[in-house]
Amino acid sequence: MKRILILCLPLALLAGCLEVDQHPNWVHGMYAGKKDDRPFLRHFHNDKLSWWGAINNRNMNQNEYNRANP
């Protein structure tokens, strides 16, 4: 029994040391990962006004009072 514990001890110690760091890289105090695009940059070619209009139209279609009484 003691022999099995002695054989398992290094495995138990290594199991705690194998955790992979999952934090993003920081360089000079700033995030060094990929920059996320805004929706109006990706889908509306940087036209923020058309993006805002599309969002407002979508929100108006979700209003049940406007849909029930045309």
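Before reading further, recall that the structure is shown in the block above.
Cut-offs and rules
- Position labels on residues start from 1 in each chain and follow its written sequence.
- Side-chain atom pairs in this predicted model are given and counted only at pLDDT of 80 or more, local residue features only at pLDDT of at least 70, and totals for whole chains, interfaces and linings cover all residues.
- The basis for every side-chain value is the complete set of non-hydrogen atoms in the structure, without hydrogens or water.
- We count a stretch as a helix when DSSP gives it H or I for four or more residues in a row; a strand needs E for two or more, and each element gets its number in order from the N terminus.
- Partly exposed residues are those whose accessible area sits between 20% and 50% of the maximum for their type, while under 20% is buried and over 50% is exposed, using a 1.4 Å probe and protein chains only.
- When a carboxyl oxygen of Asp or Glu is within 4 Å of a side-chain nitrogen of Lys or Arg, the pair counts as a salt bridge.
- The contact criterion used is simple: two residues touch if any of their non-hydrogen atoms lie within 4.5 Å.
- Each Phe, Tyr or Trp ring, with Trp reduced to its six-membered ring, pairs with another whose centre is within 6.5 Å; inter-plane angles below 30 degrees give stacked pairs, above 60 give edge-to-face pairs, and intermediate values give tilted ones.

Section: unusual backbone geometry
- We note that His 28 has phi near 55 degrees; this positive angle belongs to a residue other than glycine.
- Inspection of the secondary structure assignment puts His 28 in the loop between strand E1 (26-27) and strand E2 (30-31).
- Judged by relative accessible area, which is 78%, His 28 ranks as exposed.
- Backbone geometry at Asn 46 places phi at a positive 65 degrees, although glycine is not the residue there.
- The topology assignment puts Asn 46 in the loop between helix H2 (39-43) and helix H3 (48-61).
- Residue classification places Asn 46 among the exposed positions, given a relative accessible area of 51%.

Focus: the pattern of salt bridges
- This model, assessed by the stated rule, comprises two salt bridges.
- The partner of Asp 36 in a salt bridge is Lys 34, with the nearest N and O atoms 3.7 Å apart.
- By relative accessible area, which is 61% here, Asp 36 ends up exposed.
- With its nearest N and O atoms 3.3 Å apart, the salt bridge here joins Asp 37 to Arg 42.

Some details on the environment of Pro 39
- Here Pro 39 lies in helix H2.
- Looking at Pro 39, the relative accessible area reads 40%, which means it is partly exposed.
- Taking the C-alpha atoms as reference points, Pro 39 and Leu 18, separated by 21 residues in sequence, lie 38 Å from one another.
- Leaving out residues up to four positions away in the same chain, Pro 39 has contacts with Phe 44 and Trp 51.

A word on the packing of aromatic side chains
- Across all of its chains, the model carries three aromatic pairs by this definition.
- Centre to centre, the rings of Phe 40 and Trp 51 are 5.6 Å apart; their planes meet at 50 degrees, and the pair counts as tilted. Here Phe 40, found in helix H2, pairs with Trp 51, found in helix H3; they are eleven residues apart in sequence, far enough to count as distant.
- Residue Trp 51 is classed as buried on the basis of its relative accessible area, which comes to 18%.
- Clustering of aromatic rings is evident, with ring pairs tying together Phe 40, Trp 51 and Trp 52.

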